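# Secondary and tertiary structure notes
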Amino acid sequence: MEETEYVVSAPRLLVVEEGEGRFSTVFQYGDGAVERLPVISPAKDLIAAAEIDYRAYRREIKRLREEHPLFTPRLDIQVADFEDFVAEAVLLPSMIQKIDPVGFFALGGAAGSGIAERG
């Protein structure tokens with residue numbers, strides 16, 4: 001299979017056909033770096049995705065929502081509480097980096113663009 005070069009200005013997630021009913025997932029970062037996941041069949045990829053255990057990730061999201069001072073009912077929200085929450089929330093995607101690299105890539109792009117728009 002010949003290598004295709006892509007011009008990238010923003011992160012992109014690609015699915016590239018590798019032949020024989022198999023594909024690879026390609027992460028293209030804004031700086032031009034490219035990372036490929038191993039070639040896999042759609043059936044094996046679906047099974048692997050269905051088996052991902054997000055319990056620790058969901059527990060941490062729930063903990064933040066239930067315990068972080070930002071969500072305390074009050075009239076005024078402290079800027080420090082908001083900044084602390086953002087600092088904790090941007091770390092959440094790293095929890096799934098090993099178990100779900102595609103989800104990590106997607107969350108990183110979404111979180112990065114959301115912060116850039118607000119920053």
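Residues numbered from 1 in each chain as written. Predicted model: local features only at pLDDT ≥ 70, side-chain atom pairs only at ≥ 80, totals over all residues. Heavy atoms only, no water.

Moving on to the sheet that holds strand 3 (residues 34–36). To summarise the sheet geometry, strands pair through backbone hydrogen bonds and adopt either a parallel or an antiparallel arrangement. Ordered by their spatial adjacency, 3 strands build an open sheet running 1-2-3, and the pairing between neighbours is antiparallel. Strands with a single pairing partner mark the edges of an open sheet, and in this sheet they are strand 1 (12–19) and strand 3. Between one strand axis and the next, the sheet turns by 30° as a mean value, whatever way the strands run. Alignment of strand 1 against strand 2 (residues 22–28), held across 7 bridges, turns out to be antiparallel. Of the residues in strand 2, the one forming a bridge with V16 is S24. (Pairing = 2+ DSSP bridges. Helix = DSSP H or I, 4+ residues; strand = E, 2+ residues; numbered from the N terminus. Axes fitted to C-alpha atoms, helices over the stretch in contact; angles between N-to-C directions.)

In this section: the confidence of the model for the protein. Per-chain confidence: the protein averages 86 in pLDDT, with 83% of residues scoring 70 or above. Mean pLDDT across the secondary structure elements of the protein bottoms out at helix 4 (residues 101–118), with 67, and peaks at helix 2 (residues 55–67), with 95. pLDDT under 50 marks residues 113–119. Its contacts with residues more than four places away, or in other chains, come to 1 contact. (pLDDT = per-residue confidence, 0-100. Contact = heavy atoms within 4.5 Å.)

So, about the nonpolar core. Among the nonpolar cores identified, the biggest contains 6 residues, and these are Y57, L64, L70, F85, L92 and I96. For L64, the contacting residues outside a window of four places in its chain are F71, F85, E88, A89 and L92. (Core = buried A, V, L, I, M, F, W, Y, C linked by side-chain atoms within 4.5 Å. Buried < 20%, exposed > 50% of the residue type's maximum accessible area, 1.4 Å probe, protein only.)

This part is about the packing of aromatic side chains. All told, the structure shown has 3 aromatic pairs when counted by the stated rule. Centre to centre, the rings of Y29 and F105 are 5.3 Å apart; their planes meet at 75°, and the pair counts as edge-to-face. Taken together, the residues Y29 in the loop between strand 2 and strand 3 and F105 in helix 4 connect sequence positions 76 residues apart. Residue Y29 is classed as partly exposed on the basis of its relative accessible area, which comes to 30%. With relative accessibility at 11%, the residue F105 sits in the buried group. Pairing F71 with F85 gives two aromatic rings, centres 5.2 Å apart and planes at 90°, and the pair type is edge-to-face. Highlighted residues: F71 in the loop between helix 2 and helix 3 (79–89) and F85 in helix 3, separated in sequence by 14 residues. Given a relative accessible area of 19%, F85 falls into the buried group. (Phe/Tyr/Trp six-rings, centres within 6.5 Å; stacked < 30°, edge-to-face > 60°.)

Here we take up the pattern of salt bridges. Proximity of charged atoms lets side chains of opposite charge pair with each other. Counted under the stated rule, the structure contains 7 salt bridges. For R55, the salt bridge goes to D53, with nearest N and O atoms at 2.7 Å. When the shortest N-O distance is used, the salt bridge between E67 and R63 registers 4.0 Å. Of this pair, E67 and R63 both sit in helix 2, 4 residues apart, roughly one helical turn. Among the residues examined, E67 registers a relative accessible area of 56% and is labelled exposed. One network of salt bridges, in which partners are shared, links E60, R63, E67 and E88. (Salt bridge = Lys/Arg side-chain N within 4 Å of Asp/Glu carboxyl O.)

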